[in-house]
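Residue-level structure breakdown
Residues per chain, in single letters:
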Amino acid sequence: MKKQYKQTFFIVLVVTLLLSYVALFGFHLMGPKYKLYGAGDMRFGIDIRGGVDATFAPKDLGRSPTLEELEAARSIIETRLDQQLILDRDVTVDNENGFIFVRFPWKTGEANFNPDEAISELGSMAHLTFRDPDGEIVLEGKHVDETSWAMDQETLGRYLVRLKLLPEGRALFAEATRRLVGQEISIYMDDMLISSPTVRQAIDSNECVISDIATAKEATTLSNQINSGALPFSLITQNYSLISPSLGANALEVMVTAGIIAFAVICVALICLYRISGVVASIALLLQMAGQLIMLTWPQLTVTLPGIAGIILSIGMGVDANIIISERIREELRAGKPIPAAVRAGFQRAFSSVFDGNITVLIVAVIMLVFGSGAMLSFAYTLLFGIIMNFVAGVLATRLMMFSLIQYPGIRKLELFLSKKSLAKTVVKVRPFFEKRKVYAVISGAIIVVGIIMVFVNGVHLDIQFKGGSIVKYNMSETIELNSDDAANIAENAIPGTLITAQITTDYVTQEKKLVLNMAGDKALTNEELTSITDALQETYPEQSFELSESNTVSPFFGKKFLQNGIIAIALSAVLIIAYVWISFRKIHGLSAGAMALLSLFHDLLVVFFAFVIFQIPIGDSFIAVALTILGYSINDTIVIYDRIRENTLANKYGTVEELVNTSISQSFTRSLYTNLAVFLSVFLICIFAVGNGLDSVRSFAIPMAIGTISGCYSTVCIAGPAWTMWQKHKNRKKLGS
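Because the structure is predicted, anything quoted here is derived from the model rather than measured.

**As for the overall build of the protein**
Scanning the protein from N- to C-terminus turns up 22 helices and 19 strands. A globule of 738 residues ought to have a C-alpha radius of gyration of about 27 Å, and the protein, at 29 Å, matches this closely. Projected onto the principal axes, the alpha-carbon positions of the protein cover approximately 85 × 75 × 70 Å. A buried classification covers 53% of the 738 residues belonging to the protein. A separation threshold of at least 6 residues defines the contact pool for the protein, and within that pool the share at least 24 residues apart is 77%.

Structure (structure tokens):
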């Protein structure tokens, strides 16, 4: 080997340390203008950093807006927030009063906490119109689907803006351009003229172009203005308040501390188990974390609860990739191969498992990017970045470092890769997984029965995000320290059976504080209920003078479109996963393999759902985060088992399908156990720290995640493999019968 190849390990190590430094602390290049953000500059969600609570109302509409118009406006505002990568937010409507409520977190580096500047992120709230020379409206913003800008390929140094029209807009624009050839169509934001392009020819197409724009900045501005003007009417800000963080900096410190401890414990465990391979794996995990933090921080993606779930899933997959590689190298060493040959063969045999597992999870991430919004989009971005870094760090960097190290004679020693006791285990103990299928069926059946019973006993509690409800605001006379979680508990005790969360807001102009209660429910609160809450608060805090400021009945934060897109995303992900498994595992009857993988996924999602029911945790964005994460873990776990079955099938070593599956699962069992233990440890530590610090929202995420992790391991080993075996035996019997 070349000498410089031997030094690759140290090059990768230095690059990892440099990237880790930049990821944690950022980097200033030629002053603050070229600053690279570090982890401390992340854009955190409302719970951790606080933010803005704004109320918008139609401007000069002259009538009450319809629910359809309000929902359309909400959808457009959510789209703008997505485009700004502001993924922790609530956007809802009060149909009775015609209000739109928007909550979103502060930008990184915000020092003045000026809501006017924060709201400017949403863009203009004006009404976009296209008018003929007589001032008649020929097209409105609601008829424009989207816009983009680009360099004009036909005219050097000029730019253009492309408009994509909706079907109704195409018909209106075709009629207008036919009669206005050679004349101008003026574009207005309310009464402000922003552009007056000349019609060169009639346009009967879904797309049109505004050309001859002088600079890229002008093209970008015009494109953004048209994009932001698709509202059904102009909006004006009625009022806005500053939201205090409900968890505070302590929550961030707790999560970070738990994460650092979990990462350190995982690295120590990897080194103790796999020695040199463990050292390489730990460096690769550090590189993966650094890369993922940079990808989240530099574009200023809002770090949300689902985003944290995506990070945990990505780390788990990184651990998994390194464990698979290390276990494969061990197998080759036990087979008597010299270390260089064992390392080469280990990587070759591990690659298909790592690749297939990541691709199936990548399918979920891409589908969520296409159909997701807000919480789902946050999860999709973090997961996508994690998969990219898993290939870079867990596959490429690990390979480079390992092949570099084994060029040194002092490293080529068996005791640096595995112990004598481990080396002596040349035969894997085969466990009768298929023969115990009835036991597993009874266990799963019992879990499902208990879960269904608890649904009737405890009921299913939907958060205001899914169910809608009421937002009640109280003026506070004193500026005493008031814990929002305590206030929510007092209100819940006053009207039992209602799920309530609370926040403290501060009016930017008057500096008056308000207690804001969010109450899930499908009907407005009665006067008696409001009185009960007020009396309970006043009794607990006698020094306060709680005065009811306003009460609004709102639609769910996760609207109809969110639910529809969520269902479509899950269904399409299932179809594409089956298709991929069908093609990739065609040697072992891929269609049945994909179907059984989905069966185990359904089992895990049920377990997660029952965990929320049993612990009476409201179904909201935390449920989405946990469900998507366990889906990713479970399918990745199952793919590894299928990969071993495929390998053993091609080797043609086993006579019956039962022997094949039992042996394949037994060979992969250690890897499944270690990977899931690593993930469980991370989540368990977060849960312990959350309980110890009274962080209920973090605990309500961590407990179901820990339970789901156990279920994911169980379903892979005890359901997917044995169920696939039963399918194959049934097919074989049918063939013999025919």
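**Points about the sheet that holds strand E9 (residues 144-151)**
Taken in spatial order, the three strands make up an open sheet running E9-E10-E13, and their pairing is antiparallel. The open sheet has two edge strands, E9 and strand E13 (207-213), and neither has a second partner. Within the sheet, the average angular offset between the axes of one strand and its neighbour, ignoring direction, is 20 degrees. Of the pairings in the sheet, the one linking E9 to strand E10 (residues 159-165) comprises seven bridges and is antiparallel in character. Among the inter-strand pairings, Val 144 is bridged to a residue of E10, identified as Leu 165.

**A closer look at the packing of aromatic side chains**
Scanning the entire structure with this criterion turns up 17 aromatic pairs. Arranged with centres 6.2 Å apart and planes meeting at 65 degrees, the rings of Phe 99 and Phe 101 form a pair that is edge-to-face. Like Phe 99, the residue Phe 101 is buried in the burial classification. Members of the aromatic cluster, connected to one another through ring pairs, are Phe 9, Phe 10 and Tyr 408. In this arrangement the basic side chain of Arg 131 is found over the ring face of Tyr 188, its NZ or CZ atom lying 4.2 Å from the centre. Its guanidinium or amino end placed over the ring of Phe 585, Arg 646 lies 4.2 Å from that ring's centre, counting from NZ or CZ.

**Comments concerning the sheet that holds strand E5 (residues 90-94)**
Spatial strand order, E5-E6-E4-E14-E17-E18-E16-E19: eight strands in an open sheet with antiparallel pairing. Every other strand in the sheet has two partners, leaving E5 and strand E19 (547-554) as the edge strands with one partner each. Adjacent strand axes in the sheet meet at a mean angle of 30 degrees, parallel and antiparallel pairs treated alike. In the sheet, strand E17 (residues 500-507) pairs with strand E18 (residues 513-520) via seven bridges, with the strands oriented antiparallel. Looking across to E18, one finds that Ile 504 is bridged to Leu 515. Where helix H4 (residues 67-83) meets the sheet, its contacts fall on E5, strand E6 (99-105) and strand E14 (235-243), and the angle it forms with E5 comes to roughly 165 degrees.

**With respect to helix H17 (residues 527-540)**
Helix length check: H17 (14 residues) gives 20 Å between terminal C-alpha atoms against 20 Å at 1.5 Å per residue, within 8%. For H17, the set of buried residues is Leu 530, Ile 533, Thr 534, Ala 536 and Leu 537. One face of H17 carries all of its buried residues, which in axial projection span an arc of 160 degrees. Across H17 from its buried face, at more than 90 degrees, point the exposed residues Asn 527, Glu 528 and Glu 539. Packed against the buried residues of H17 are strand E16 (469-475), helix H16 (484-494), E18 and E19.

**Points about the nonpolar core**
Judged by nonpolar contacts, the single largest core of 97 residues is most densely connected at Ile 312, Tyr 642, Ile 645 and Trp 724. When residues in this core are grouped by element, the largest group, 14 residues, is from helix H20 (residues 621-651). Not counting the four nearest positions on each side in its chain, Ile 312 is found in contact with Tyr 633, Val 679, Val 683, Ile 686 and Phe 701. Ranked by size, the runner-up nonpolar core spans 31 residues in total, among them Val 280, Leu 287, Val 354 and Val 395.

**Considering the environment of Lys 429**
Mapped onto the elements of the fold, Lys 429 is located in the loop between helix H13 (420-424) and helix H14 (437-458). By relative accessible area, Lys 429 is classed as exposed at 63%. C-alpha separation for the pair Lys 429 and Asn 662, spaced 233 residues apart in sequence, amounts to 9.9 Å.

**Details of the pattern of salt bridges**
Tallied over the entire structure, the rule returns 18 salt bridges. We note a salt bridge from Glu 658 to Lys 729, for which the minimum N-O separation is 2.9 Å. Of this pair, Glu 658 sits in helix H21 (residues 657-692) while Lys 729 sits in helix H22 (residues 696-737), and the two are 71 residues apart along the sequence. The exposure class assigned to Lys 729 is partly exposed, which follows from its relative accessible area of 22%. Taken together, the shared-partner salt bridges connect Arg 328, Glu 331, Glu 332, Lys 337, Arg 349, Asp 356, Asp 643, Arg 644, Arg 646 and Glu 647 into one network.

**Observations concerning the confidence of the model for the protein**
Mean pLDDT over the protein works out to 81, with 91% of the residues at or above the 70 mark. Looking over the protein, one finds the lowest element-wise mean pLDDT in helix H1 (residues 3-6), namely 61, and the highest in H14, namely 92.

**Let's talk about the side chain of Ser 600**
Examined against the element boundaries, Ser 600 turns out to sit in helix H19 (residues 590-614). Separated by 2.7 Å, the side chain of Ser 600 and the backbone oxygen of Ala 597 make a polar contact. Not counting residues up to four positions away in its chain, the partners in contact with Ser 600 are Ser 634, Thr 638, Ser 715, Ile 719 and Ala 720.

**Concerning helix H11 (residues 339-371)**
Between its first and last C-alpha, H11 extends 47 Å over 33 residues, near the 48 Å set by a 1.5 Å rise per residue. Of all bends in H11, the biggest is about 35 degrees, found at Ala 350.

**Some remarks on unusual backbone geometry**
A positive phi angle is found at Arg 275, which is not glycine, with a value near 60 degrees. Relative to the helices and strands, Arg 275 resides in the loop between helix H8 (249-274) and helix H9 (276-297).

**Overview of the packing of H16 against H17**
Across the interface, H16 lies against H17 with an axial gap of 8 Å and an inter-helix angle of 130 degrees. What the angle tells us is that H16 and H17 run oblique. The interaxial crossing formed by H16 with H17 has right-handed handedness. Across the interface between the two elements, Ala 487, Ile 490, Ala 491 and Ala 494 of H16 pack against Ser 532, Ile 533, Ala 536, Leu 537 and Thr 540 of H17. Across the contact of H16 with H17, the residue classes break down as seven nonpolar, two polar and no charged.

Rules behind the numbers
Residues numbered from 1 in each chain as written. Predicted model: local features only at pLDDT ≥ 70, side-chain atom pairs only at ≥ 80, totals over all residues. Heavy atoms only, no water. Helix = DSSP H or I, 4+ residues; strand = E, 2+ residues; numbered from the N terminus. Rg over C-alpha atoms; globule rule 2.2 N^0.38 Å. Buried < 20%, exposed > 50% of the residue type's maximum accessible area, 1.4 Å probe, protein only. Contact = heavy atoms within 4.5 Å. Pairing = 2+ DSSP bridges. Axes fitted to C-alpha atoms, helices over the stretch in contact; angles between N-to-C directions. Phe/Tyr/Trp six-rings, centres within 6.5 Å; stacked < 30°, edge-to-face > 60°. Lys NZ or Arg CZ within 6 Å of the ring centre and 35° of its normal. Expected span 1.5 Å × (residues − 1). Arc of directions from axis to C-beta. Core = buried A, V, L, I, M, F, W, Y, C linked by side-chain atoms within 4.5 Å. Salt bridge = Lys/Arg side-chain N within 4 Å of Asp/Glu carboxyl O. pLDDT = per-residue confidence, 0-100. Polar contact = N/O pair within 3.5 Å; in protein donor to acceptor, adjacent residues only side chain to side chain. Bend = angle between axes of the 7 residues up to and from the residue. Parallel < 35°, antiparallel > 145°, perpendicular 65-115°, else oblique. Left-handed = near helix turned anticlockwise from the far one by under 90°. Nonpolar A, V, L, I, M, F, W, Y, C, P; charged D, E, K, R; others polar.

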